[in-house]
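Structure at a glance
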Amino acid sequence: MQTDIAIKVSLGTIGDVFETSDDCLHVEHYKVDDPNIFLAKLTRENGSRAITTSLGSGVGTFLIAARDSELRLEQKGRLLYHGIMVEDSVTFIEGSDPISVELQSDACLYVLTYLHERYQGPRPVVGGHFSIRDIQLAELIAEVANVSTARRGDIARNFSRMAFERYERLPRVHPLSSWRLNRVKRHAEARLDQRMTLEELADVAGFSRAHFAATFKAATSMSVHEFLLRLRIQRAAKLLLGTDLSLVDISLQTGFQNQAHFTTVFKKMISTTPGRWRNNARREEARSVSGVSLNRLPAIPLLEHQAADSLNLQ
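Residues numbered from 1 in each chain as written. Predicted model: local features only at pLDDT ≥ 70, side-chain atom pairs only at ≥ 80, totals over all residues. Heavy atoms only, no water.

Before going further, it helps to examine the pairing of strand β7 (residues 69-75). The two faces of β7 differ: S69, L71, L73 and Q75 on one face are buried, but E70, R72 and E74 on the other face are not. Where β7 and strand β8 (residues 78-85) come together, 7 bridges link them in antiparallel fashion. The partner of L73 across the bridge, within β8, is Y81. Counted between consecutive antiparallel strands, the loop separating β7 from β8 contains 2 residues, among which K76 sits at a positive phi close to 55 degrees. Direction of pairing for β7 relative to strand β10 (residues 99-103): antiparallel, over a ladder of 5 bridges. Paired with L71 across the strands is L103, a residue of β10. (Buried < 20%, exposed > 50% of the residue type's maximum accessible area, 1.4 Å probe, protein only. Helix = DSSP H or I, 4+ residues; strand = E, 2+ residues; numbered from the N terminus. Pairing = 2+ DSSP bridges.)

Structural data, given as structure tokens:
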């Protein structure tokens with residue numbers, strides 16, 4: 001993917017104003033009464049290509065997704081994550097080395113960095129980072145825009161404590177490595193029109209079924225079932241937007257049992273039918289001079305409780 005611009009924002013030192021870069025990356029810095037805490041919000045909107053942002057160094061940094069955000073995270077040349085941070089998910093990155101964040105789609109992220117004193121974690125972090133998904137944490141950090149500087153400090157400290165308590169309850173496993181995760185994703189994307197089993201994907205990753213499921217969840221904050229469902233629906237959305245294929249053909253090409261099954265799952269995820277979604281998208285496209293991209297449409301939320309047969313996965 002071509003990089004639009006490389007914006008090097010040292011988030012530990014930016015001013016107290018709302019910044020706009022190239023009309024698509026917005027950085028809002030929130031004042032906090034604790035000089036050890038840096039708190040900001042990154043919003044990328046209406047961008048057509050990737051944007052690279054450098055986060056300033058600290059002893060530990062949290063990234064919180066306020067909506068589905070496709071990104072790539074690197075630290076000292078090491079790939080930490082490449083994919084979609086699901087809305088309400090939290091990623092923690094340990095260490096004082098700057099973090100490179102490449103925003104590959106429209107995104108909204110809160111950034112919470114402890115600049116000097118060490119955060120109060122329960123134990124060393126496996127692999128130097130972890131990812132969890134917690135709606136309560138996301139709702140807590142979203143309060144910072146409308147509270148006092150003193151309250152923001154309290155929120156940041158409570159957030160850190162709660163996040164580490166949540167992490168403490170996770171199984172002590174290393175997250176699936178990025179290259180294994182990308183191998184699984186490529187395999188799944190090439191076979192979305194076919195039935196896939198957990199054993200098959202575990203074999204692609206080179207692990208046993210149980211170990212793969214645990215390391216996959218640690219790396220993505222999603223189960224394999226949820227991950228495959230998202231891939232199927234996202235592929236279907238692209239076909240709805242970019243082709244004139246019938247709903248029957250799209251349902252078969254994305255691995256659903258039939259059109260009724262596809263429509264049921266699609267509607268559960270985005271609260272409308274595939275046909276209405278396609279019509280709304282095309283009306284939006286007709287009103288836009290530059291055309292509409294999938295990223296500009298409403299984000300597809302994660303479906304928490306979906307039966308395995310809806311994924312065509314057993």
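With that out of the way, let us pick up unusual backbone geometry. Phi at K76 takes a positive value of approximately 55 degrees, unusual for a residue other than glycine. In the Ramachandran plot, D88 falls in the positive-phi region, its phi being about 75 degrees despite a non-glycine side chain. Of the residues examined, D88 reaches a relative accessible area of 14% and is grouped as buried.

Within the element layout of this structure, L55 appears in strand β5 (residues 50-55). Taking the relative accessible area as the measure of exposure, L55 reaches 1% and is therefore buried.

The next thing to look at is the environment of V144. Tracing the backbone shows V144 in the loop between α1 (135-141) and α2 (149-168). On the basis of relative accessibility, which here comes to 0%, the residue V144 falls in the buried class. Along the primary structure V144 and Y30 are separated by 114 residues, whereas in three dimensions their C-alpha atoms are 7.6 Å apart. For V144, the residues in contact, after removing those within four places along its chain, are Y30, L39, Y110, R152 and I155. (Contact = heavy atoms within 4.5 Å.)

With that settled, consider helix α6 (residues 224-242). Along its 19 residues, α6 runs 27 Å from first to last C-alpha, staying within 8% of the 27 Å computed at 1.5 Å per residue. Counting buried residues along α6, 14 of its 19 residues qualify, which places the element largely inside the surrounding structure. (Expected span 1.5 Å × (residues − 1).)

A few words now on the packing of α6 against helix α8 (residues 259-270). A pair of packed helices can be characterised by two numbers: the angle between their axes and the separation between those axes. One can describe the packing of α6 onto α8 by two numbers: an axis separation of 11 Å at closest approach and a directional angle of 100 degrees. Relative to α8, α6 is oriented roughly perpendicular. Contact residues: L229, I233, A236 and L240 in α6; F262, V265, F266 and M269 in α8. In terms of residue class, the contact of α6 with α8 is built from 8 nonpolar, no polar and no charged. (Axes fitted to C-alpha atoms, helices over the stretch in contact; angles between N-to-C directions. Parallel < 35°, antiparallel > 145°, perpendicular 65-115°, else oblique. Nonpolar A, V, L, I, M, F, W, Y, C, P; charged D, E, K, R; others polar.)

Attention shifts here to the packing of helix α3 (residues 178-190) against helix α4 (residues 198-205). Closest axis-to-axis distance for the α3/α4 pair is 9 Å, and the angle between their directions is 135 degrees. When the interaxial angle is binned, α3 and α4 end up oblique. In the crossing of α3 with α4, the sense of the turn from one axis to the other is right-handed. Side by side, α3 and α4 meet where R180, R183, V184 and H187 of the first sit next to E200, L201, V204 and A205 of the second. Looking at side-chain class alone, the contact of α3 with α4 contains 4 nonpolar, 1 polar and 3 charged residues. (Left-handed = near helix turned anticlockwise from the far one by under 90°.)

A few words now on the side chain of E200. On the secondary structure map, E200 appears in helix α4. Within the structure, E200 has its side chain in polar contact with the side chain of R191 (distance 2.7 Å). In this structure, E200 is in contact with H187, R191 and R195, ignoring residues within four places of it in sequence. (Polar contact = N/O pair within 3.5 Å; in protein donor to acceptor, adjacent residues only side chain to side chain.)

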